[in-house]
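Residue-level structural notes
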Amino acid sequence: MTPEPWQTLEEHSGEEMVDADRARLSRRGFLQLAGAGAASVALSACVRPPAQKILPYSRLTPEIAPGVPQHFATSLTSRGFARGVLVTCWEGRPVKVEGNPDHPASLGAAGLYEQAALDLLYDPDRAREFRRQRPAAGPATWETFQRQAFELADAHQKEGGVRLRFLVEPTASPLLLDLRARLLQRFPRARFVSFDPLLSAHSALGARLAFGQPVDAHLDLSKARVIVCLAADPLDDSPLALRHSRAWAARRDPKAEMNRLYVCEPHFTPTGTVADHRLALRPSEIEPMAWALLAELAALPRGQRLSAIPVPAERLPPKPEHRRWARIVAADLASRPAQALVVAGPGLPPALHAIVQAMNWALGAFDATVRFTPPLLPDPESGPEALRSLADEMRSGAVDTLVVTAHDPAFTAPADTLFAEALSKVAHGLYRGLYEDETARACEWFLPAAHPFESWGDARSADGMASLVQPLIAPLFGGVTEAEVLASFLGESDLGAFALLRRFWQGREGPGAAIDARWEHWLSDGVIPGTEAQPVTVEPDLAAIAGAVRALPPAAARPVPFELSFASDRKTDAGRLANLPRVQELPEPITKLAWGSAALLSPASAQRLGVKDQDLLRLRRGGRSIDAPALVAPGHADGCVTLWLGQGRRSTALTVASTVGVDAFPLRTTDAFWSAGDLEVAKIPGRHELASTQGHFRLEGRPHAPSATLGELQGDPKRFEERRGELPTLFAPWPYPGHQWAMAVDLGRCTGCEACVLACVTENNIPAVGFEHVRNHRQMQWLRIDRYYVGPPAAPKTINQPMACQHCRYAPCEYVCPVNATVHSDEGLNEQVYNRCVGTRYCSNNCPYKVRRFNFLDWNHRLAEPAALAMNPDVTVRSRGVMEKCTYCVQRIERARIAARREGRDLKDGEVVSACAQACPTEAIVFGDLADPASRVRRLQEASLTTFALHELGTRPRTAYLARVENPNPELAPT
């Protein structure tokens, strides 16, 4: 029998959730806050279109038309690579970001980073002034900096640039790479160092070891039937995560041949939540598992060629259950030649990356589930080791001028580099950034950066496809692009980013080539055809790998009391987005923690330390220590603590980020970039409150998230039938002569990435209420993703279930509203009439799904300029005292209806897409018209896996859930 799902450890143990520390408003205090006047939102910031010509994606409307939104294609870059987006603009004002279906890295989906870019554009804390800190601090101008850059460039050219350094982020941008190459021609003794806190050089070094040349590996999960992830998160933590998610989800159909996913990791990741088998291992136990897989594959006929690589006995897992796991998984891999794939995470050392590629080669994965291209990030020096070398040069006085365009290295650099101290010793430090952050204070010059939506530029996706970056609005605060900063040392910054970009692509096309027509197509489509990276054929050098294995130092002694694992804060992108309230309020996908960070540890480790949630821990290594609140995380590896990177900003210029979370970078060092085995953990007096949204709504013994294994489903195909049939009712059926809008959610595809939640927030002008109100169960998000655990706390499985208004046919909320504010439309929508609502909250009390949100306070009047510009004009900006909820994006329905009426036709299936469905990388959410027999949502709602939440109540929701189906290996079934 399948165990019942649970949400919190208290619920699993049967304890009541009592939170005596929760601060609640007194009646007097609440009335004082509620009595504050409701100020209207004033769009007072100056909105100007960019000076050069830009083209909308559709190419249908050449000029801005009042009241008609336009969609522009551009690209956003993260970790050096681009994802194509479409930005909706109202009269020159960007208000919504969605994926570009023509771009290979997004395929129409949009992750958290892409959607949060809109709030980043309008963040009131963005830097607004050029500043020169020395010799006397004060405002400056771009023209003043250009003169300074010209003088410095002239002086450094005489020495060949021997004391000139550039600290940049990795990039595949053709324009930026060209500028860097030209700078090295002018200053041949200068150095470029690239650094990103979420990138290490291990994968590149592993490829060089395996193949004798640098290459990039590209995964094709659509062809993989057996996937093994070793501390890897390809569905979330990858430049091609959106594409990987789509490809993985396409193989989760139980009617076809399902793929099978194995994951080894210390803490839950989105990839781990959808694994068919997951093993929680310490970071030090991941490497032995990789060695065990190598040994087991080499013993099979398929992998005999791997026997040339020696497997040191001391590196194999000491636990018999781990060796058994490796043996069974290796056999499963070998049973799927050319359909198997092993993925190594960034924390594994280069030798293990090489070994993983050798295993893929032996499994026939090359040119099937993985292919190779020349490297797209040709940065000669990158990673933490290169940054430490640069810091040593700076301290020694070998650097006179340092140009920094990387993201806040004074905050993100490993602690042992002492980068901020080294930066203070550089005579001419020049820093370009979006905020006056930690790095800005230590430099002579600070230059405000232009947001990507204010910039001209180019980019390449991880598969090589090039695209143009076009501005959608003139710079709000006069920022400059990285290309202009680099060009200033070539004496060309007066050209501007547009001229630099146009000249580069003109030259690339050839002398005399007319690129005007192609240029307009590149801008409107968002991609430049024919620029994809061409595959190369490689074969691993087993002798070289074997030599590297023999040269490995002795394995570290095992075990140690506690290890430390670093993880990217999925919401803040290493701190880049930490100052955005909507991002901070978004629940972390696994822990559902909002507004902060914590030290994650397993239930067994917490019991050994005698700690509970919110108790303070002192974490110490290498003479450095931090204090962090504990958060007990089911499914976490024992003897390990996980810290997120990106919270706890120190600069007071970031008014939101400087008050939130714990800074984990002080414990990170160059030799312990992703994990460390020398962590000291101690409980200290005190508690620190955390805000987690997961425990807000109890199951009360009712089944919510249906699931089954493939074997169970094949043995009982009708197992979910009782959760979808019509129940007897006293109400007469209501006729729906026209459209019947409905939704279907496939739980087998949902990774819980929260992209749909942020899409709903930005589409519907949903405010962030802050830490205290989230603690008081007053979050405003209309859509939430409930995360359920199934099984024991030490090793549970997880199920993610998006939950919003179900638009019930027999809606309990409608019967109790005294002012008829919640009503049913003739197309099946459960509508909320804001100007009727008087805030009785009867509807919320009567809603069994707990998906209605009451706006206690008027949050929108608190928005500082220009944050209000992010508001979607298609949706009412609500004041306080009204009930809010999901509307199935009725504004999108109406806009599509108007367009169809104007063209004299009916609406087509797929023409109306809700914001959540638009963003979903796995296409787990489908919206459409039930009245159309051929619609996709109709087919899904009639499928055998279809269920309805709380079906036994007879509410007859219009949102259906397809049960999650897992494909476990029978040989790994629990004994």
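Keep in mind the model is a prediction, meaning the values are calculated, not measured. Starting from 1, residues in each chain are numbered consecutively following that chain's sequence as written. Residue-level local features of this predicted model are given only where pLDDT is at least 70; pairs of side-chain atoms are given and counted only at 80 or more, and the full residue set underlies all totals for whole chains, interfaces and linings. Hydrogens and water are ignored here; the side-chain numbers use all heavy atoms of the structure.

1. What to know about the overall build of the chain
Strands here are runs of E lasting at least two residues and helices are runs of H or I lasting at least four, both read from the DSSP assignment and numbered beginning at the N terminus. For the chain, the helix and strand inventory stands at 28 helices and 39 strands. The C-alpha atoms of the chain give a radius of gyration of 28 Å, which matches the 30 Å a tight globule of 975 residues would have. Burial status across the chain gives 61% buried among its 975 residues. Throughout, a residue-residue contact means that at least one pair of heavy atoms, one from each residue, lies within 4.5 Å. Sequence separation of 24 or more characterises 75% of the internal contacts of the chain that already satisfy a separation of 6 or more. Using a 1.4 Å probe, accessible areas were evaluated by the Shrake-Rupley method; residue-level cover was limited to the displayed protein chains. Accessible area for the chain stands at about 36600 Å²; split by element, carbon and sulfur atoms hold 53% of it. The atom set for the radius of gyration is the C-alpha atoms, and the globule formula is 2.2 Å times the number of residues raised to the power 0.38. For each residue, the accessible area found with a 1.4 Å probe, counting protein chains only, is set against the maximum for its type, and the residue is called buried under 20%, exposed over 50%, and partly exposed in between.

2. Observations concerning the pairing of strand β18 (residues 466–469)
Sheet faces and side chains relate simply in a regular strand, where the side chains alternate between the two faces. Neither face of β18 is exposed, since A466 and L468 on one face and S467 and V469 on the opposite face are all buried. Where strand β17 (residues 457–460) and β18 come together, four bridges link them in antiparallel fashion. Note that in β18 the partner of A459 across the bridge is S467. Pairing between strands requires that DSSP locate at least two bridges from one strand to the other.

3. Quick word on the nonpolar core
Membership of the largest hydrophobic core comes to 89 residues, with the highest contact counts inside it found for Y122, F453, W741 and Y849. The dominant element in this core, judged by the number of residues it contributes, is helix α3 (residues 112–121), at seven residues. Dropping the residues within four chain positions of it, F453 is found in contact with T74, L76, V87, V97, A117, L118, L121, P471, L472 and I473. Within the second largest apolar cluster, 66 residues are counted, among which are A207, W291, V538 and I545. In this description, a nonpolar core means a group of buried Ala, Val, Leu, Ile, Met, Phe, Trp, Tyr and Cys residues linked to one another through side-chain atoms lying within 4.5 Å.

4. Here's the deal with the sheet that holds strand β15 (residues 428–433)
Strand order in the open sheet formed by seven strands is β5-β4-β16-β15-β14-β6-β7, with mixed pairing between adjacent strands. Only two strands of the sheet have a single neighbouring strand rather than two, namely β5 (138–140) and β7 (191–194). Across the sheet, the mean angle from the axis of one strand to that of its neighbour is 20 degrees, orientation sign disregarded. Here strand β6 (residues 164–168) pairs with strand β14 (residues 401–404) via four bridges, running parallel. The residue bridging R165 from the neighbouring strand is L402, located in β14. Throughout, an axis means a line fitted to C-alpha atoms (over the contacting stretch in the case of helices), and angles, computed between N-to-C directions, take values from 0 to 180 degrees. Of the strands in this sheet, β6, β7 and β14 touch helix α12 (residues 384–396), which is tilted by about 130 degrees from β7.

5. Some thoughts on the pairing of strand β36 (residues 925–929)
Burial runs high along β36: five of the five residues are buried. Across the two faces of β36 the burial is the same, with I925, F927 and D929 and V926 and G928 all buried. Pairing between strand β29 (residues 741–746) and β36: five bridges, direction antiparallel. Among the inter-strand pairings, A744 is bridged to a residue of β36, identified as V926.

6. Description of the side chain of R83
Considering the arrangement of structural elements, one finds R83 in strand β2 (residues 81–90). Within polar-contact distance, the side chain of R83 engages the side chain of E114 at 3.1 Å. Here a polar contact is taken to be a pair of N or O atoms separated by no more than 3.5 Å, where protein atoms must pair a possible hydrogen donor with a possible acceptor and residues adjacent in sequence count only if both atoms sit in side chains. Reaching out from R83, the side chain makes a polar contact with the backbone oxygen of S238 at a distance of 2.9 Å. Setting aside chain neighbours within four positions, we find R83 in contact with T74, S75, L76, H103, A105, E114, S238, P239, A241 and L242.

7. Brief notes about the confidence of the model for the chain
The predicted structure's coordinates, where accompanied by low pLDDT, should not be read in detail. Residue-level confidence of the predictor, termed pLDDT, takes values from 0 up to 100. Here the chain shows a mean pLDDT of 90. Residues at 70 or above account for 93%. Within the chain, no element has a lower average pLDDT than helix α2 (residues 27–34), which sits at 38, and none a higher one than strand β9 (residues 226–230), at 98. Counting contacts from residues 16–46, a segment whose pLDDT is below 50, to residues more than four positions away or on other chains yields 47 contacts.

8. Some remarks on the packing of helix α5 (residues 174–186) against helix α16 (residues 496–509)
For the pair α5 and α16, interaxial distance at closest approach is 10 Å and the crossing angle is 90 degrees. When the interaxial angle is binned, α5 and α16 end up roughly perpendicular. Two secondary-structure elements touch here, α5 through P174, L175, D178 and R182 and α16 through L500, L501, R503, F504, W505 and R508. Note on residue categories: nonpolar means Ala, Val, Leu, Ile, Met, Phe, Trp, Tyr, Cys or Pro, charged means Asp, Glu, Lys or Arg, and polar means any other residue, Gly included. When its residues are assigned to classes, the contact of α5 with α16 shows six nonpolar, no polar and four charged. Here the angle decides the label: under 35 degrees means roughly parallel, over 145 means roughly antiparallel, 65 to 115 means roughly perpendicular, and every other value means oblique.

9. As for the packing of α16 against helix α17 (residues 516–525)
Two elements in contact, α16 and α17, have axes whose closest approach is 12 Å; the angle formed by their N-to-C orientations is 120 degrees. Considered as vectors, α16 and α17 are oriented oblique to each other. Seen from above, α16 lies across α17 with right-handed handedness. Contact with α16, carried on its side by F498, L501, R502, W505 and E509, involves D516, R518, W519 and W522 of α17 and no other residues of that element. By convention the crossing between two helices is left-handed if the near helix lies anticlockwise of the far one by an angle smaller than a right angle, and right-handed if it lies clockwise.

10. Some details on the state of the cysteines
We call a pair of cysteine sulfur atoms a disulfide whenever their separation is within 2.5 Å. Under the defined criterion, the tally for this structure stands at zero disulfides. C847 carries a free sulfur, and the closest cysteine sulfur to it, the one in C813, is 6.5 Å from it. According to the relative accessible area criterion, C847 is buried, its value standing at 8%. Counting only cysteine sulfurs, C916 is the nearest neighbor of C889, a cysteine outside any disulfide, at a range of 6.2 Å.

11. Examining unusual backbone geometry
Geometrically, the link from E865 to P866 is a cis peptide bond, its omega value of 5 degrees lying close to zero. Mapping P866 onto the fold places it in the loop between β34 (853–854) and β35 (883–884). Phi at A574 is positive, roughly 60 degrees, even though this residue is not glycine. One can find A574 in the loop between β19 (563–568) and α19 (581–585). Accessibility expressed as a relative area gives 0% for A574, which makes it buried.

12. Points about α17
Taken together, the buried positions of α17 are W519, W522, L523 and S524. Of the residues one or two after α17, G526 is the one with positive phi, at around 85 degrees.

13. Observations regarding the side chain of E98
You can see E98 is positioned in strand β3 (residues 93–99). For E98, a relative accessible area of 12% translates into the label buried. A polar side-chain atom of E98 sits 2.4 Å from a polar atom in the side chain of R892. Contacts of E98, omitting those with residues within four sequence positions, involve V85, L86, A110, R892 and Q918.

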